Amino acid sequence: MTSATATHKLTALVDASDRFAHSAHDLRSTQLAALNERFQDRKGRIRLLGHRAQEAGIVEIRDLPDVVPLLFPHSVYKSYPENFLTQGRWDRLAKWLGTVSPYPLTPVDTSDLDGSDRIDEWIARLGEHGHHVSCSSGTTGKSAMLLATERDMNWSRKDTVGVFSWGSGVLPTGDRRMIGIAPTTAVPKNMVIAEAQERAFGDPAKPRFRLPLPPITVGSLTRTVLLRKKIAEGTAPPEELAEFERTAAQRQEALERAMVTAAETLIEHRAEKLYISGMWNALHQVARLVRDMGHSGQDFHPDNCLYVGGGLKRAQLPPDYQQFVHETFGIPADRNFQNYSMQELNSGMPKCRKGDRYHVPPWVVPFVLDESGEHLLPHERGEVEGRAAFFDLALDGRWGGVITGDRIALDLDPCACGAAGPSIRNDIVRYADLAGDDKIGCAGTVDAYVRGVS
């Protein structure tokens with residue numbers, strides 16, 4: 001095996017039914033070769049990576065500790081100056097994106113896009129040129145902006161189907177009615193995943209149900225978070241506060257009506273084989289409505305399946321919320337799918353049906369760091385707990401290495417389900433939720449560098 005073919009050998013396993021059967025020990029040499037291959041190809045093309053490598057004196061990746069200084073903190077994708085967004089300085093924002101991209105960004109005319117409320121149009125224009133920006137908005141008032149290529153979009157289409165099928169046991173035979181109990185999120189990655197799932201598992205003769213709500217766009221998320229920041233700082237003018245409260249009340253009323261519509265739709269099609277998707281909070285709410293309308297699992301098809309995206313998002317639910325949802329919709333124990341991933345990665349880690357652990361695919365290299373994110377914890381076998389970091393070798397449009405805000409327990413021994421590959425215990429928690437704040441050691445210097453060159 002030469003380093004020139006290492007990445008392909010690993011990513012080709014996306015089509016293999018036994019892709020989680022390879023142990024961390026067996027994968028190590030090929031993964032190191034692939035990591036070095038990617039580093040040599042990208043160190044001169046991604047400015048931040050070249051800067052980090054020079055600072056750390058890394059010229060070649062020989063072992064996993066060599067990778068740690070080259071991992072980007074997740075905050076780097078929010079490191080642009082805030083006024084680029086609030087003032088609609090799209091040319092400057094595009095230049096900032098260029099510091100974390102291996103490909104030159106095609107110049108896009110933005111002379112007619114004045115103001116921060118035009119961000120959705122800016123993102124659409126970049127997408128027309130093959131620069132797909134998927135965003136997630138957080139409490140800082142900024143959206144994380146993550147560039148992806150058409151190759152990344154195609155990978156998401158393929159990976160999502162394989163991940164769901166492996167984790168749920170559902171074959172992509174296109175024979176289910178798709179019921180989505182979550183507002184549509186209009187960002188490129190989410191949209192291609194939803195389309196791929198529908199194409200693989202949905203019955204084309206049965207239109208997908210979506211909540212009757214306007215799609216959530218990057219612009220709408222950003223405006224809400226920026227206003228909340230103003231409110232927290234005490235700088236929001238009275239008219240904006242009044243509009244915020246009015247809009248929030250209208251959205252809550254619309255959401256409550258949509259939940260009722262979802263419950264009625266589920267009851268209407270209860271005899272059909274269903275593919276139900278959503279987050280736990282919404283799923284539990286709709287399940288409660290279905291029960292209040294006089295129905296339960298005995299009324300539904302016995303082979304329904306469930307796709308749960310994301311965690312609780314701080315929702316307060318009763319201890320038996322999962323069992324309640326399963327029993328309401330007739331979800332068999334082996335048809336419950338959960339996935340661990342994040343916008344910063346391009347691949348999923350499905351939870352197995354027997355071991356209750358999330359499985360890391362061969363092309364994603366996991367790292368467990370100390371809480372500061374600066375040092376790799378010793379780990380050759382068994383389980384170790386610490387800050388999660390990953391390198392996704394399937395990523396094309398940006399550097400694949402990221403330090404997350406999650407505390408995980410990674411096990412290198414075989415799982416109870418029989419898979420020999422590395423797996424993650426099902427009790428992932430964010431450091432910010434543990435301590436009320438989260439500081440990654442290198443984040444400040446990395447963010448300062450990116451701001452300086454953009």
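Residues numbered from 1 in each chain as written. Predicted model: local features only at pLDDT ≥ 70, side-chain atom pairs only at ≥ 80, totals over all residues. Heavy atoms only, no water.

Caption draft 1: Region of interest: the pairing of strand β10 (residues 364-369). Here β10 lies mainly inside the structure; six of its six residues are buried. Neither face of β10 is left uncovered, since the one carrying Val364, Pro366 and Val368 and the one carrying Val365, Phe367 and Leu369 both have all their residues buried. Looking at chain direction, β10 and strand β11 (residues 383-392) are connected through six bridges and run antiparallel. If you follow Val368 over to β11, its bridge partner there is Ala388. (Buried < 20%, exposed > 50% of the residue type's maximum accessible area, 1.4 Å probe, protein only. Helix = DSSP H or I, 4+ residues; strand = E, 2+ residues; numbered from the N terminus. Pairing = 2+ DSSP bridges.)

Caption draft 2: The arrangement of the pattern of salt bridges in detail. In total, this model carries 25 salt bridges according to the counting rule given. For the salt bridge of Lys351 with Asp356, the shortest nitrogen-to-oxygen distance reads 3.0 Å. Under the relative-accessibility criterion, Lys351 is labelled buried at 9%. What makes Asp356 partly exposed here is its relative accessible area of 37%. One salt bridge connects Asp413 with Arg381, and the closest N-O pair in it is separated by 3.7 Å. Here the residue Asp413 occupies a position in the loop between β12 (401-411) and β13 (423-425), and Arg381 occupies one in the loop between β10 and β11, the gap between them amounting to 32 residues. Among the charged side chains, a salt-bridge network with shared partners connects Asp41, Arg42, Arg45, Arg151 and Asp396. (Salt bridge = Lys/Arg side-chain N within 4 Å of Asp/Glu carboxyl O.)

Caption draft 3: Broad picture of the environment of Leu10. Mapping Leu10 onto the fold places it in helix α1 (residues 3-11). On the basis of relative accessible area, Leu10 is assigned to the buried category, the value being 2%. Excluding residues within four positions of it along the chain, Leu10 makes contact with Leu27, Thr30, Gln31, Ala34, Pro362, Trp363 and Leu393. (Contact = heavy atoms within 4.5 Å.)

Caption draft 4: Region of the structure containing helix α5 (residues 90-97). Listed as buried for α5 are Trp90, Leu93, Trp96 and Leu97. Looking straight down α5, one finds that the buried residues subtend no more than 115 degrees of arc, so they occupy a single side. (Arc of directions from axis to C-beta.)

Caption draft 5: View of the sheet that holds strand β8 (residues 349-350). What the five strands build is an open sheet, ordered β4-β5-β6-β7-β8; its pairing is mixed. Edge positions in the sheet fall to β4 (177-181) and β8, since each of these pairs with one other strand and no more. Where strand β5 (residues 274-278) lies against strand β6 (residues 305-308), four bridges are found, and the strand directions are parallel. Opposite Ile276, over in β6, you have Leu306 as the bridge partner. This element, helix α8 (residues 188-201), spans β4, β5 and β6 of the sheet and lies at about 150 degrees to β4. (Axes fitted to C-alpha atoms, helices over the stretch in contact; angles between N-to-C directions.)

Caption draft 6: Highlighting unusual backbone geometry. Unusually for a residue other than glycine, Asp356 sits at a positive phi of about 55 degrees. Take Asp356: it is sitting in the loop between β8 and β9 (357-359).

Caption draft 7: Summary view of the packing of helix α9 (residues 218-233) against helix α10 (residues 238-268). At a minimum axis separation of 11 Å, α9 and α10 run at an interaxial angle of 130 degrees. It follows that α9 is oblique to α10 by the angle criterion. Where α9 crosses over α10, the handedness of that crossing is left-handed. Along the contact surface, α9 presents Thr224, Leu227, Arg228, Lys230 and Ile231, while α10 presents Glu240, Leu241, Phe244 and Arg251. (Parallel < 35°, antiparallel > 145°, perpendicular 65-115°, else oblique. Left-handed = near helix turned anticlockwise from the far one by under 90°.)

Caption draft 8: Examining the side chain of Ser277 more closely. You can see Ser277 is positioned in strand β5. Residue Ser277 is classed as buried on the basis of its relative accessible area of 11%.

Caption draft 9: Quick look at the packing of helix α11 (residues 280-292) against helix α12 (residues 321-329). For the pair α11 and α12, interaxial distance at closest approach is 9 Å and the crossing angle is 50 degrees. By the angle between their directions, the pair α11 and α12 is classed as oblique. By crossing handedness, the relation of α11 to α12 is classed as left-handed. Across the interface between the two elements, Trp280, Leu283, His284, Val286, Ala287, Arg288, Val290 and Arg291 from α11 touch Tyr321, Gln322, Phe324, Val325, His326, Glu327, Thr328 and Phe329 from α12. Of the residues assigned to the contact of α11 with α12, the class counts are nine nonpolar, four polar and three charged. (Nonpolar A, V, L, I, M, F, W, Y, C, P; charged D, E, K, R; others polar.)

Caption draft 10: The arrangement of the nonpolar core in detail. Grouped together as the largest cluster of nonpolar side chains are 56 residues, with contacts concentrated most on Leu35, Tyr340, Trp363, Phe367, Phe390, Phe391 and Ile424. Only α1, α2 (24-42), α3 (47-56), β3 (143-148), β10, β11 and β12 provide two or more residues apiece to this core. If one sorts the elements of this core by residue count, α2 sits on top with seven residues. Excluding residues that lie within four positions of it along the chain, Phe391 makes contacts with Leu35, Arg38, Val67, Leu71, Trp363, Val364, Val365, Phe367, Trp399, Gly400 and Gly401. Counting 28 residues, the second-largest nonpolar core is a separate cluster that includes Ala254, Leu266, Ile267 and Trp280. (Core = buried A, V, L, I, M, F, W, Y, C linked by side-chain atoms within 4.5 Å.)

Caption draft 11: A look at the state of the cysteines. Counting across every chain of the model gives zero disulfides. Cysteine Cys352 is unpaired, with the sulfur of Cys415 as its nearest cysteine sulfur at 3.8 Å. For the unlinked cysteine Cys415, the closest cysteine sulfur is that of Cys417, found at 3.7 Å. (Disulfide = S-S within 2.5 Å.)

Caption draft 12: Highlighting the packing of aromatic side chains. A complete count under the given rule lists 16 aromatic pairs for this structure. Measuring from ring centre to ring centre gives 5.9 Å for Tyr340 and Tyr358, while their planes differ by 55 degrees; the resulting arrangement is tilted. You can see Tyr340 sitting in strand β7 (residues 336-340) and its partner Tyr358 sitting in strand β9, a full 18 residues away along the chain. Per residue, the accessibility class of Tyr340 equals that of Tyr358, and both read buried. (Phe/Tyr/Trp six-rings, centres within 6.5 Å; stacked < 30°, edge-to-face > 60°.)

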